[in-house]
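Structural overview for review
The residues making up each chain are set out below.
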Amino acid sequence: IMSRDVMAVAPDTHAHEAAYLLLHHRIGCVPVTGAGGKLLGIVTESDFVRVAYRLLGGQVPLDQLEEEEAERV
């Protein structure tokens, strides 16, 4: 289901502000838009989990984790 009232962030939006939108509105991603509303990318919950993993001292390289996940599917 799509919404007409889409929340988006700008490229210079602080990460904590994007995280707040995800948490506050209980959404899984937020588009990053530039001039004229052009889509530049999407910030997802997984992006923040990856950051947390690194900051919390994760030792397994993320590309290795992705390979292991692909093998399980």
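Scroll up for the structure.
These numbers come from a predicted model, not from an experiment.

**Section: the environment of Glu66**
Position of Glu66 among the secondary structure elements: in helix α3 (residues 62–72). You can call Glu66 partly exposed: its relative accessible area is 39%.

**A closer look at the packing of helix α2 (residues 45–55) against α3**
Viewed as axis vectors pointing N to C, α2 and α3 meet at an angle of 125 degrees, and their least axial separation amounts to 12 Å. As the angle between them shows, α2 and α3 are arranged oblique. The segment α2 lies against α3, with Arg50, Tyr53 and Arg54 engaging Leu62, Leu65 and Glu66.

**Here's the deal with the environment of Gly37**
Within the element layout of this structure, Gly37 appears in the loop between β1 (29–33) and β2 (39–44). Distance in space between the C-alpha atoms of Gly37 and Ala8 is 8.9 Å, their sequence separation being 29 residues.

Quick notes on the rules
- Residues numbered from 1 in each chain as written.
- Predicted model: local features only at pLDDT ≥ 70, side-chain atom pairs only at ≥ 80, totals over all residues.
- Heavy atoms only, no water.
- Helix = DSSP H or I, 4+ residues; strand = E, 2+ residues; numbered from the N terminus.
- Buried < 20%, exposed > 50% of the residue type's maximum accessible area, 1.4 Å probe, protein only.
- Axes fitted to C-alpha atoms, helices over the stretch in contact; angles between N-to-C directions.
- Parallel < 35°, antiparallel > 145°, perpendicular 65-115°, else oblique.
- Contact = heavy atoms within 4.5 Å.

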